[in-house]
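# Summary of the model geometry
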Amino acid sequence: MEVGRLPISAALKGKLVSAGYTSLSLLSSLSPSHLARDLNISENEALDILKHAPHDGRIDTSSGHHIISGAQTAWDMLHEEELLTRITTSSVEIDNILGGGISCREVTEIGGVPGIGKTQLGIQLAVNVQLPVHCGGLGGKAIYIDTEGSFMVERVLQIAEACWDDMLANNAISQNVHAGQVGMQPKDFLENILYFRVCSYTEQIALINYLDKFISEHRDVKIVVVDSITFHFRQDFEDMALRTRLLSGMALKLMKLAKKFCLAVVLLNQVTTKYAEGSFQLTLALGDSWSHACTNRIILYWNGNERYAYIDKSPSLRSASAPYAVTARGIRNNVSNCKRIKLM
Amino acid sequence: MASLKRLETEFPILDPDFQSFCALRGIFTVQDFLIRDLQSLVADAEQQPSSERFMQAINQVLYVIDGLHQPWLNGVDLMEDAQKNKHVLSTGCEGMDFLLRGGLRRGQVTELAGPSSSGKTQFCLLTASTVAYKYMGGVIYIDTGNSFSAKRIARFLNQISCPASEEMQPRVLQEVMNSILCHPVYDIFSMFDVLHCLESKLKYQICRGDNDERLIIIDSISSLITPILGSSGSQGRALMVSAMSLLKKLAHEYNLVVLVTNHTVGGDGGIPKPALGVSWKTLPHVRLLLSRDCGSNTYQVSLLKHPSIASGKAAKFIIND
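For clarity, every value in this text was computed on a predicted model and none was experimentally measured.

## Some details on the domain arrangement of chain B
For chain B, the domain assignment lists domain 1 (4-66) and domain 2 (75-318). Taking only C-alpha atoms, the centre of domain 1 of chain B and the centre of domain 2 of chain B are 46 Å apart.

## A short note on the sheet that holds strand 6 (residues 107-112) of chain A
Residue and element names in this part refer to chain A. The nine strands are arranged 8-7-9-10-6-13-14-15-16 in an open sheet whose pairing can be described as mixed. The sheet is open, and its two borders are formed by strand 8 (193-197) and strand 16 (330-333), each paired with just one other strand. Adjacent strand axes in the sheet meet at a mean angle of 25°, parallel and antiparallel pairs treated alike. Pairing of strand 9 (residues 221-227) with strand 10 (residues 264-269) involves four bridges; the strand directions are parallel. Looking across to strand 10, one finds that V224 is bridged to V265. In this fold helix 9 (residues 201-217) packs onto strand 7 (141-146), strand 8 and strand 9, with an angle of close to 165° to the strand it touches most, strand 7.

## Quick look at the interface of chain B and chain A
Taken together, the contacts link 70 residues of chain B with 57 residues of chain A. Summed over both partners, the interface of chain B with chain A buries about 5,200 Å², with 57% contributed by carbon and sulfur atoms. For the chain B face of the interface with chain A, the top three residues by lost area are R6, N146 and Y186 of chain B, together amounting to 12%. Between chain B and chain A we count zero salt bridges in total. One can count 18 residue pairs in polar contact (both at pLDDT 80 or more) joining chain B with chain A. Of the residues belonging to the side of chain B that touches chain A, the class tally is 29 nonpolar, 30 polar and eleven charged. Sheet topology note: the strand 3 (residues 72-73) of chain A/strand 5 (residues 180-184) of chain B ladder contains two bridges and is antiparallel. Residue pairing across strands places T73 of chain A opposite L181 of chain B, the latter belonging to strand 5 of chain B.

## A closer look at the pairing of strand 10 of chain A
Residue and element names in this part refer to chain A. The buried fraction of strand 10 amounts to six of the six residues, a majority that puts the element mostly inside the structure. Burial along strand 10 is two-sided: A264, V266 and L268 and V265, L267 and N269, pointing in opposite directions, are all buried. One ladder, built from five bridges, connects strand 6 with strand 10; its direction is parallel. Within strand 10, the position partnered with V107 by the bridge is V265. Traced from strand 9 through helix 10 (residues 240-260) to strand 10, the parallel crossover comes out right-handed.

## Some words on the packing of helix 9 of chain A against helix 10 of chain A
All names here are of chain A. Where helix 9 contacts helix 10, the two axes come as close as 10 Å, and the packing angle between them is 20°. The orientation of helix 9 with respect to helix 10, classified from their angle, is roughly parallel. Here helix 9 runs over helix 10; the crossing is left-handed. Residues Y201, Q204, I205, I208, N209, L211, D212 and I215 of helix 9 form the contact with helix 10, whose participating residues are L246, M250, K253, L254, L257 and K260. Residues that form the contact of helix 9 with helix 10 fall into these classes: nine nonpolar, two polar and three charged.

## Observations concerning unusual backbone geometry
Each neighbour pair has its own omega, and for D227 of chain A with S228 of chain A the value is -10°, a cis peptide bond. Across the junction of D219 of chain B and S220 of chain B, the peptide omega takes the value -5°, indicating a cis bond. Phi is positive for M136 of chain B, which is not a glycine, with a value near 50°. Position of M136 of chain B among the secondary structure elements: in the loop between helix 8 (120-134) and strand 4 (138-143).

Rules used throughout
- Residues numbered from 1 in each chain as written.
- Chains lettered and ligands numbered in written order.
- Predicted model: local features only at pLDDT ≥ 70, side-chain atom pairs only at ≥ 80, totals over all residues.
- Heavy atoms only, no water.
- Domains from an automatic or database assignment.
- Pairing = 2+ DSSP bridges.
- Helix = DSSP H or I, 4+ residues; strand = E, 2+ residues; numbered from the N terminus.
- Axes fitted to C-alpha atoms, helices over the stretch in contact; angles between N-to-C directions.
- Contact = heavy atoms within 4.5 Å.
- Buried area = accessible area lost by both parts, 1.4 Å probe.
- Salt bridge = Lys/Arg side-chain N within 4 Å of Asp/Glu carboxyl O.
- Polar contact = N/O pair within 3.5 Å; in protein donor to acceptor, adjacent residues only side chain to side chain.
- Nonpolar A, V, L, I, M, F, W, Y, C, P; charged D, E, K, R; others polar.
- Buried < 20%, exposed > 50% of the residue type's maximum accessible area, 1.4 Å probe, protein only.
- Right-handed = clockwise from strand over helix to strand, strands pointing away.
- Parallel < 35°, antiparallel > 145°, perpendicular 65-115°, else oblique.
- Left-handed = near helix turned anticlockwise from the far one by under 90°.

So, in structure tokens, the structure goes:
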């Protein structure tokens, strides 16, 4: 029955059906008071039902294109995409394969074995997003959701100081700006990271539901890092079907956030082994259904002694891999000289 | 299915007297009327003082019910409709067109399933570009994963129009890209909302005789359905079937191609199989399963279900960067 398509309670649906309103077209030209009388409900409830019923007022005929509100043409989106700034990873080689860095409006999943530098990359992004616009940043704030308890504030300060150093050095070369004029201190980086600690999967879902409200009050948030999305979903879960449902619902909410507020969502993920074609292979955790949930997927892996990042999935970028290094100053390009010394 | 009260304005014979007669017997709507034993109702009505009026009213309701069904068509009509309206649209990739004998058929719903990174979105973007360019048709792209990339569309359009790496004229590019509309949608109810709006827009366009919509893509429909499917109630399944029947109706009535994508889950022995379970299987007209060799841009597609082609056939195709 068509009324089943309305996002209203089952009780109201039942009342609609028993009063004979089974098809949506019957609702289209009805006054709330009429419906309230027929269904024996309050007028507010009737108004709520009618709000969800389809009506023709949402089609914009003024431009001659008959665009349904909320839609965008590919041409308009192309221009918006060109204006989008990306968040640099601080490694030029990773930025190159990503087309400049982590993209806003998209959900990017980054996964890899323990110790490969997922948290480091997460912290680096939370710092880099704050770079002022004239330094190639977004001048925004970061939300950091920590599920594992691996966020080290001393390390953040270290990365922020290095980032600040680089910023000063770049400024001195290009614009002859003195240190005092930058107006940002390493401590400021810490202030602009909004940290949430999450201790169970219900807390995690509650927080992600709350983010919509929180970000609409803090519009300058430009990145949400979840470190890691996996942790609480890998234990104490017997009903795997429930897990799939919860995860896919959460993914859609994160997608919505990314699009609505034009921010980047970065989800860090762990790895697991998967039995395929007669052998065990390493793959990102949370299963096959989850692998569809993100817009982009980046896998971090070891190749000998070098760390590599590989684009596993992306609608607009081709698959490629690039080496990087985790240094005392944060994520940087892999300097092959260092490696050779280390090997000898 | 209207309530009897609503019918009164149109048919005065269904007066309050008759309504209260019906209400006493638990009949409020035309639907209630249908599931009642008519003979006993007639027998009841004959014993009432104003039996003649009641009989007239019952006949009137039956007449209304008779008028509700669609008119019949014979084979010749259907053939005419098929030849005139139900063409195939080229997808822009040769292997796929060859497998499907020309492309995606208008009036049908095609499902594209495959593991993550197997080329589903790429195929959708390519098909959207091809249909918009070759047939000058409108494309509705319902995007659930923020994966609609206008840049990629522009790149495909340049490939389709001039293979000799010449740039397309900006004016043509603008016109073609303006006919592709993207709707970001994050839950099934907003998808219904978009589809209902689309339906009334199409109705309006048919009246004016300028229907140019050709293609609806939902990438991916499974991510909208998974969060509601499999909970204790049957609500999720009902919404899934309802979504599909709406899509089929739109496809048939307005001669649209509908392309939806589905993800895969591990089946027997780790071989991927399309998600969404058994009751989904029967819904799409055409079902395709995609796969890709790791790291290459060669895609493999096999036919799981098709109304007129033997299933099990497979093909390979390449999507250029």
